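Chain by chain, the residues:
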Amino acid sequence: MAQGERGVAVVTGASSGFGERIAQLLSRRGYSVVALARRADRLKTLADENSTGSILPVVADVRDQEGLTRALDELPPDFRDISVLINNAGLSRGFGPLQSGSGESWREMIDTNISGLLNVSGLVLPRLVSRGSGHVVNIGSIAASYPYMGGNVYAATKAFVHQLSLNMRVDLQGTGVRVSCVAPGMAKTEFAKVRYDGDEQRADALYQGLEPLAADDVAEAVAWCLAQPPRVNVNMIELMPSEQHFGLGFAGGPTAPPGGADDA
Ligand code: NDP
Ligand code: 8X3
């Protein structure tokens, strides 16, 4: 399999939602894509169903530094010259206020959204620097900028992503590596289902009353950052549903999660 004409893009969290659509779009745009996540079956389907380019499934947990190192060291030759990293893997757990939250959920969000992103970046950035060009796109969230009830630790992990993106950019200045952050609002993916521990009914209720973003909208924003000429660094793109008014609120809808503030 020859390397894609645009180079190799690593997309974390490629087994569903934004990551899946980003992987598909970048493949269509000429990248070879390393699709990384934990669910092997989903990644296999993504790779098998892709007819426009090459997608390599890589099963790894972003929290597992050793497993990640092994996975990236063992990439086949055509996928080794990484030029793009999309730090997308992430999750939220629960919707309750901080005072009734659980340490286990907090740790899972911090370990995935913060440490996981750092683990992958720590392995990929030196490769980008040594090739003298590249692009990192970190997926943030409007939750980082606009508080809503129950957002607490999740929102704070995304504020870390926003601030790290700015600092990454400063550290990488002069290396030819660009850094962007894409911060979406409410989008219908598996995100809310994970947040509600698999309860699809509660997850669906969250989107009643507005048309959420589609994963493709976010994929297009990511691809647009990558497509700018080398002189342009897109620092930040924030996008949300037209009917969303910051936080989780929307015209005529709730500003707190269904069930109220104690909805864990
Ligand atoms: P999904 O739940 O659909 O996708 C999350 C992806 O992250 C999955 O592919 C999942 O794969 C992967 N993932 C989770 N934990 C790990 C891990 N430990 N190691 C490797 N991969 C992992 O949600 P979205 O597509 O919506 O979320 C993608 C990103 O977008 C997240 O960072 C989220 O915070 C952010 N976001 C989401 C918004 C929304 O409203 N949907 C809005 C703003 C930002 P697997 O389980 O197979 O490992
Ligand atoms: C997820 C977006 O608004 O559901 O990052 O918190 S929101």
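If you're wondering where the values come from, they're calculated on a predicted model, not measured in any experiment.

### Regarding the pairing of strand S6 (residues 177-184)
- A large share of S6 lies buried, amounting to 8 of its 8 residues.
- By the alternation rule, side chains of S6 split into Val177, Val179, Cys181 and Ala183 and Arg178, Ser180, Val182 and Pro184, which are all buried.
- Two elements, strand S5 (residues 134-139) and S6, share 6 bridges in a ladder whose sense is parallel. For Val137, the partnering residue across the bridge sits in S6 and is Ser180.
- In this fold, S5 hands off to helix H5 (residues 152-171), which returns the chain to S6; that crossover is right-handed.
- Across 4 bridges, S6 lies against strand S7 (residues 236-239) in parallel orientation.

### Focus on the site of ligand 2
- Contacts to ligand 2 come from Ser141, Ile142, Ala143, Tyr148, Tyr154, Met186, Phe191, Arg195 and Leu248.
- The side chain of Tyr148 places a nitrogen or oxygen atom 2.4 Å from an oxygen atom of ligand 2.
- Class assignment of the residues belonging to the shell around ligand 2 gives a composition of 7 nonpolar, 1 polar and 1 charged.

### Side note on the environment of Thr175
- Assignment of secondary structure puts Thr175 in the loop between H5 and S6.
- Along the chain, Thr175 and Ala89 lie 86 residues apart, while their C-alpha atoms are 25 Å from each other.
- When near neighbours in sequence (up to four residues on either side) are disregarded, Thr175 contacts Val129, Gly132 and Ser133.
- Separated by 3.2 Å, the side chain of Thr175 and the backbone nitrogen of Val177 make a polar contact.

### A short note on the pattern of salt bridges
- The tally for this structure, following the rule as stated, stands at 12 salt bridges.
- Across the pair Arg39 and Glu190 runs a salt bridge whose closest N-O atoms are separated by 3.1 Å. Of this pair, Arg39 sits in the loop between strand S2 (32-37) and helix H2 (40-49) while Glu190 sits in the loop between S6 and helix H6 (191-195), and the two are 151 residues apart along the sequence.
- By relative accessible area, which is 22% here, Glu190 ends up partly exposed.
- Asp81 is the salt-bridge partner of Arg131, the closest N and O atoms lying 2.8 Å from each other. Taken together, the positions of Arg131 in helix H4 (residues 103-131) and Asp81 in the loop between helix H3 (65-73) and strand S4 (82-87) put the pair 50 residues apart, joining distant regions of the chain.
- Under the relative-accessibility criterion, Asp81 is labelled partly exposed at 33%.
- Residues participating in the shared-partner salt-bridge network are Arg39, Arg42 and Glu190.

### What about the confidence of the model for the protein chain?
- Confidence along the protein chain averages 94 in pLDDT terms, with 94% of residues attaining 70 or more.
- Ranking the elements of the protein chain by mean pLDDT puts helix H7 (residues 200-205) last, at 93, and S5 first, at 99.

### Digging into the sheet that holds strand S3 (residues 55-59)
- Across the sheet, 7 strands lie side by side as S3-S2-S1-S4-S5-S6-S7; this open sheet has parallel pairing. Unpaired on one side and paired on the other, S3 and S7 mark the two borders of the sheet. When the angles between neighbouring strand axes are averaged without regard to direction, this sheet yields 15°.
- Contacting S2 and S3, H2 runs over the sheet at an angle of about 175° to S3.

### Some details on H5
- Taking 1.5 Å per residue, 20 residues should reach 28 Å; H5 reaches 28 Å between its end C-alpha atoms and fits that length.
- Looking at the buried residues of H5, the elements they touch are S4, H4, S5, S6, H6 and S7.

### Quick notes on the packing of H3 against H4
- For the pair H3 and H4, interaxial distance at closest approach is 9 Å and the crossing angle is 30°. When the interaxial angle is binned, H3 and H4 end up roughly parallel. In terms of crossing hand, the pair formed by H3 and H4 is right-handed. Two secondary-structure elements touch here, H3 through Gln65, Leu68, Thr69, Leu72 and Asp73 and H4 through Asn119, Val120, Leu123, Val124 and Arg127.
- Each residue belonging to the contact of H3 with H4 can be placed in one class, and the counts come to 5 nonpolar, 3 polar and 2 charged.

### Here we look at the side chain of Ser16
- Looking at the element boundaries, Ser16 is found in the loop between strand S1 (8-12) and helix H1 (17-28).
- When residues no more than four places from it in sequence are discounted, the contact partners of Ser16 are Arg39, Arg42 and Glu190.

### What to know about the side chain of Thr12
- In this fold, Thr12 is placed in strand S1.
- With relative accessibility at 1%, the residue Thr12 sits in the buried group.
- Of the polar contacts made by the side chain of Thr12, one reaches the backbone nitrogen of Ala89; its length is 2.9 Å.
- If we ignore the near neighbours within four places in the chain, the residues touching Thr12 are Leu36, Val62, Ile86, Asn87, Asn88, Ala89 and Val120.

Conventions used here
Residues numbered from 1 in each chain as written. Chains lettered and ligands numbered in written order. Predicted model: local features only at pLDDT ≥ 70, side-chain atom pairs only at ≥ 80, totals over all residues. Heavy atoms only, no water. Buried < 20%, exposed > 50% of the residue type's maximum accessible area, 1.4 Å probe, protein only. Helix = DSSP H or I, 4+ residues; strand = E, 2+ residues; numbered from the N terminus. Pairing = 2+ DSSP bridges. Right-handed = clockwise from strand over helix to strand, strands pointing away. Near = heavy atom within 4 Å. Polar contact = N/O pair within 3.5 Å; in protein donor to acceptor, adjacent residues only side chain to side chain. Nonpolar A, V, L, I, M, F, W, Y, C, P; charged D, E, K, R; others polar. Contact = heavy atoms within 4.5 Å. Salt bridge = Lys/Arg side-chain N within 4 Å of Asp/Glu carboxyl O. pLDDT = per-residue confidence, 0-100. Axes fitted to C-alpha atoms, helices over the stretch in contact; angles between N-to-C directions. Expected span 1.5 Å × (residues − 1). Parallel < 35°, antiparallel > 145°, perpendicular 65-115°, else oblique. Left-handed = near helix turned anticlockwise from the far one by under 90°.

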